[in-house]
Amino acid sequence: MIQGYVMQEQPFSVNDGNGIRTTIFLAGCPMRCGWCSNPEGFEQKPLVGYYRRLCAGCGRCVEVCPFAIGIDLNIAEARERCSGCGRCSVICPTQARKQMVSVNSADEIIEAVQRFSMFYRTSGGGITFSGGEPTHQPQLLDHLTRELYDMGYSLDMETCGQFDFEEVRPSLERMELVFVDIKHMDDDKHIRYTGMSNKTVLENVKRLNDVIADVVVRIPVIGGVNDDDANIRNTAAYVKENLPKARMELLPYHKLGAVKYEALGMKLPEASFYAPDEEEMEHLNTLVENTGLETISFR
């Protein structure tokens, strides 16, 4: 039985491709972007979040815990001992405990997304794979895309671009649309802010010419990191030269993931990160369009 680590299956998504979609968030990612809004997807393991502000202190979580872990799950020792079994999240009356990553079989995932088939058909939507990083579970991704493709679903993918192209090629060839990020063109800065070189990402952007899928190259625009004119121009020029069929989407930084860092007892993203204002985003989009590329927004 094929199974994997799933953050969530989010129905009625309208920002992750055309039409109404279900987005399947697969856990595990090779990068550690300082601004990540889904930090629960860093690792491949069952994971429970603890929302202290919702906690009533009733102690039911302690009663069902196989390791008798205390109420505050975000104490370092408690985190180390927690297996992520999720018994506490089922019993918690205030939803202060939440299963953030679970182990699911491929059949369970497919069954979940099939419930919304009518909405896909009527809206021109389908299934989008995201994360974490969906290519970080290549066997599960291959199985899911093969089964869902044969059922006639429209498939899209969101990726950071850090993957073995040949290993993932079969899945890529089943996609209608691929969203791929370029975080920064400067390799040193890419390493500083994501923990990895951009060399594989840039090579994979080139190689997306080999698949029939439409491609949208995304830049998560982080104020003070990659929002300077030179970086945006260089990124657009690289895409124009190496993947001319692509469109580009600039996404302004947001802090919607901050509550997840708190729920996992993790350090919040740097306070110096900020969202460019609307005027700056218009300016940056104009820089991209001046290279001859089309910009698009799914937001």
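Provided above is the structure to which this section pertains.
Residues numbered from 1 in each chain as written. Predicted model: local features only at pLDDT ≥ 70, side-chain atom pairs only at ≥ 80, totals over all residues. Heavy atoms only, no water.

Q: Any chance you could explain the packing of helix 6 (residues 138-150) against helix 7 (residues 165-172) here in plain terms?
A: The angle between the axes and the distance between the axes are what describe a pair of packed helices. In contact at an axis separation of 8 Å, helix 6 and helix 7 are set at 20 degrees when each is read in the N-to-C sense. With respect to helix 7, the axis of helix 6 lies roughly parallel. Crossing hand, helix 6 versus helix 7: left-handed. Facing helix 6, whose interface residues are Pro 138, Leu 141, Asp 142 and Thr 145, helix 7 presents Glu 167, Val 168, Pro 170 and Ser 171. (Axes fitted to C-alpha atoms, helices over the stretch in contact; angles between N-to-C directions. Helix = DSSP H or I, 4+ residues; strand = E, 2+ residues; numbered from the N terminus. Parallel < 35°, antiparallel > 145°, perpendicular 65-115°, else oblique. Left-handed = near helix turned anticlockwise from the far one by under 90°. Contact = heavy atoms within 4.5 Å.)

Q: Which parts of the structure should I look at to understand the sheet that holds strand 3 (residues 47-50)?
A: Remark on secondary structure: sheet strands pair via backbone hydrogen bonds, oriented parallel or antiparallel. Here we have nine strands laid out as an open sheet, ordered 3-4-1-2-5-6-7-8-9, and mixed in their pairing. Across the chains shown, the open sheet's two edge strands, defined by having one partner strand only, are strand 3 and strand 9 (247-252). Ignoring which end each strand starts from, the neighbouring axes of this sheet average 25 degrees apart. Two elements, strand 3 and strand 4 (residues 97-105), share four bridges in a ladder whose sense is antiparallel. Across the sheet, the residue bridging to Leu 47 is Val 101, located in strand 4. Running at roughly 110 degrees to strand 4, helix 4 (residues 106-114) makes contact with strand 1 (3-13), strand 2 (21-26), strand 4 and strand 5 (126-131) of the sheet. (Pairing = 2+ DSSP bridges.)

Q: Would you take a moment to explain the nonpolar core for this structure?
A: Within soluble globular proteins, side chains that are nonpolar generally end up buried alongside one another. Core analysis: the largest hydrophobic core is formed by 47 residues, its most contacted members being Ile 127, Phe 129, Leu 148, Leu 172, Leu 208, Val 217 and Met 248. With residues near it in sequence (within four places) discarded, Leu 208 still touches Phe 165, Leu 172, Val 178, Val 180, Val 215, Leu 243 and Lys 245. The next biggest cluster of nonpolar side chains, apart from the first, holds 14 residues, and it includes Trp 35, Phe 42, Tyr 253 and Phe 273. (Core = buried A, V, L, I, M, F, W, Y, C linked by side-chain atoms within 4.5 Å. Buried < 20%, exposed > 50% of the residue type's maximum accessible area, 1.4 Å probe, protein only.)

Q: So what exactly am I meant to see when it comes to a negative patch on the surface here?
A: Residues Asp 277, Glu 278, Glu 279 and Glu 282 make up a contiguous surface patch of negative charge. Relative to the assigned elements, Glu 282 resides in helix 12 (residues 278-289). Residue Glu 282 is classed as partly exposed on the basis of its relative accessible area, which comes to 49%. (Patch = residues over 30% accessible without salt bridge, like charges linked within 9 Å, V, L, I, M, F, W, Y side chains within 5 Å. Areas by Shrake-Rupley, 256 points an atom, 1.4 Å probe, with all protein chains shown as cover. Salt bridge = Lys/Arg side-chain N within 4 Å of Asp/Glu carboxyl O. Lys, Arg positive; Asp, Glu negative; His and termini not counted. Charge placed at Lys NZ, Arg CZ, Asp CG, Glu CD.)

Q: What exactly am I supposed to notice about the pairing of strand 6 (residues 154-159) here?
A: Regular strands place their side chains on alternate faces of the sheet. Among the six residues in strand 6, six count as buried, and that is most of the element. Of the two faces of strand 6, both are covered, the one formed by Ser 154, Asp 156 and Glu 158 as well as the one formed by Leu 155, Met 157 and Thr 159. Where strand 5 and strand 6 come together, four bridges link them in parallel fashion. The partner of Gly 126 across the bridge, within strand 6, is Ser 154. Read as a crossover between parallel neighbours, the route from strand 5 over helix 6 to strand 6 is right-handed. In this sheet, strand 7 (residues 177-181) lies alongside strand 6 in parallel orientation, the contact comprising four bridges. By the bridge assignment, Thr 159 is partnered in strand 7 with Val 180. Traced from strand 6 through helix 7 to strand 7, the parallel crossover comes out right-handed. (Right-handed = clockwise from strand over helix to strand, strands pointing away.)

Read these as geometric descriptors, not functional statements.
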